[in-house]
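Commentary on secondary and tertiary structure
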Amino acid sequence: MTQESLITDEVRAIIGVETVSPPELIEMKAIKDYARAINWPDPPNPLHVDEEYAKKTRFGGIIAPWCFYTTLGRSAPRQRVPLPPPRVGMNGGNDYEYFLPIRPGDMITTTSKTVDIVEREGRAGKLIITTSERKFTNQNGEVVGIARSTGLSQY
Amino acid sequence: MAQLFWDDVEVGMEIPPYKKAVTLMELNRYAGANEEFVLIHMDRDYSQKVARLPDVIVMGNLKYAYLSNMMINWIGEEGTLKRLSAQYRGMDIPGPALSTEPTMICEGKVTKKYVQDGDHCIECEVWTETKEGQVTTPGSAIAILPAKS
């Protein structure tokens, strides 16, 4: 018996549909905690934690670590993907493009969409690969960056 | 650290490796900072018995951060990271508590060097390796560097 694909028309219908998060305040403490965590146990990059130091750089003040994009857009309205819950979900990859720094006090709006959903038959069972994109816009209407991510759902 | 200039970079040049002894301490710190509370990064019993993984595994986002640290440390404050991508192909298992032996080695090398719209660009192949030498996270990076002339 051939197994039916999990990717129904209903699943496919969410591809390309954009959702927009409410603007998110970028807090200094969140930046500093993140900068400490990615360097631990070594000291963080002073550009992300030391205002006096950061003022003297070409950035003119503290900026968020570039990979801070991982934290953004969590408050975006969740699109319900009509798939059964996987046995295990994993991060398949990140591809981030950086245009402008994010600074404490910025209000970042995240526009998210699913770009593609494909199914593979793996050794351990079905694998669903979801590619999504998040675009980050600051309070001045500038696009600061784009994050493309791949999610793996193992069934 | 001295600033890296585009003029001094050659195709094939190796990026200074970035090594980390990754333990549950690093995973927990990052879980807090990134609000990434996922059982396969926290609970060994769950990882092995329910998710059928060999152990707790290091989150992809943290591996991405380490690759990013390697690039930023190398290109210096006058360098600009434009793009970094990483694919999580293999699993990284955290080392024992308080261990200082690196479990993850980030490496890379320059694959291209060019000028585009007046920007002095480089492209690199980057990856993370386990201490056994297995590449678990291949990726690529694009950066703009200051030029001497």
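Refer to the preceding data block for the structure.
In short, a report on the structure. Chains are numbered independently. Their residues run from 1 in the order of the written sequence. Chain letters and ligand numbers both follow the written order, the letters beginning at A and the numbers at 1. This being a predicted model, a pLDDT of at least 70 is required before a residue's local features are given, and a value of 80 or more before pairs of side-chain atoms are given or counted; all residues contribute to the totals for chains, interfaces and linings. Where side-chain values are given, they derive from all heavy atoms of the structure, hydrogens and water being excluded.

**With respect to the overall build of chain A**
Runs of H or I in DSSP of at least four residues are treated as helices and runs of E of at least two as strands, each being numbered from the N terminus. Assigned secondary structure in chain A consists of three helices and six strands. Start at the N end of chain A and walk to the C end: the helices and strands fall as α-β-β-α-α-β-β-β-β. If one aligns the C-alpha atoms of chain A with their principal axes, the spans along those axes are about 70 × 35 × 20 Å. Buried residues are those whose accessible area, probed at 1.4 Å on protein chains only, stays under 20% of the maximum for their type, while exposed residues exceed 50% and partly exposed ones sit between those limits. Considering chain A as a whole, with its 155 residues, one finds that 46% of them fall into the buried category. Any two residues whose heavy atoms approach within 4.5 Å at even a single point are treated as in contact. Of all intrachain contacts in chain A linking residues separated by at least 6 positions in sequence, the fraction that spans at least 24 positions is 71%. Using a 1.4 Å probe, accessible areas were evaluated by the Shrake-Rupley method; residue-level cover was limited to the displayed protein chains. Counting only carbon and sulfur atoms, one obtains 54% of the accessible surface of chain A, whose full area is about 8000 Å².

**What to know about the packing of aromatic side chains**
Stacked, edge-to-face and tilted are the three classes for Phe, Tyr and Trp ring pairs, Trp counted by its six-membered ring, which pair at centre distances within 6.5 Å; planes under 30 degrees apart are stacked, over 60 edge-to-face, the rest tilted. Inspection of every chain in the model, using the stated rule, returns nine aromatic pairs over all chains. When the centroid spacing of 6.4 Å and the interplanar angle of 85° are considered together, the rings of Y96 of chain A and Y98 of chain A count as edge-to-face. The exposure classification of Y96 of chain A matches that of Y98 of chain A, with both residues buried. Between Y96 of chain A and Y64 of chain B, the ring centres sit 4.7 Å apart and the planes meet at 50°, which makes this aromatic pair tilted. With Y96 of chain A in strand β3 (residues 88-98) and Y64 of chain B in helix α3 (residues 60-75), this pair bridges two chains. Clustering of aromatic rings is evident, with ring pairs tying together W66, Y69, Y96, Y98 and F136 of chain A together with Y64 of chain B. Its guanidinium or amino end placed over the ring of W40 of chain A, R29 of chain B lies 3.6 Å from that ring's centre, counting from NZ or CZ. Lying across the ring of W6 of chain B, K113 of chain B places its NZ or CZ 4.4 Å from the centre. Only when the NZ atom of a Lys or the CZ atom of an Arg is both within 6 Å of the ring centre and within 35 degrees of the ring normal do we say a charge sits over the ring.

**Here's the deal with the pairing of strand β2 (residues 80-87) of chain B**
Strands are treated as partners if at least two bridges between them are detected by DSSP. Relative to β2 of chain B, β3 of chain A is paired through five bridges, and the arrangement is antiparallel. Following the sheet pairing, E97 of chain A is matched in β2 of chain B by R83 of chain B.

**Topic: the nonpolar core**
Grouping buried Ala, Val, Leu, Ile, Met, Phe, Trp, Tyr and Cys residues that are joined through side-chain atoms within 4.5 Å yields what is termed a nonpolar core. Counting 59 residues, the largest nonpolar core has Y69 of chain A together with M71, W74, C124 and V126 of chain B as the members making the most contacts within it. Of the residues forming this core, the biggest block, 10 residues, is contributed by α3 of chain B. I7, V11, I14 and I128 of chain A belong to the second largest nonpolar core, which has seven residues in total.

**Looking at the interface of chain B and chain A**
At the interface, 36 residues of chain B touch 33 residues of chain A. By definition, the buried area sums, over both parts, the 1.4 Å-probe accessible area that each loses when the two are put together. Summed over both partners, the interface of chain B with chain A comes to about 2900 Å²; 47% of that surface belongs to carbon and sulfur atoms. By salt bridge we mean one thing: a side-chain nitrogen of Lys or Arg within 4 Å of a carboxyl oxygen of Asp or Glu. Linking chain B with chain A are four salt bridges, by the criterion used here. For R83 of chain B, the salt bridge goes to E97 of chain A, with nearest N and O atoms at 3.8 Å. Residues adjacent in sequence count toward polar contacts only when both atoms are side-chain atoms; beyond that, a polar contact is any pair of N or O atoms within 3.5 Å, and within protein one must be able to donate a hydrogen and the other to accept it. Linking chain B to chain A there are 23 residue pairs in polar contact (both at pLDDT 80 or more).

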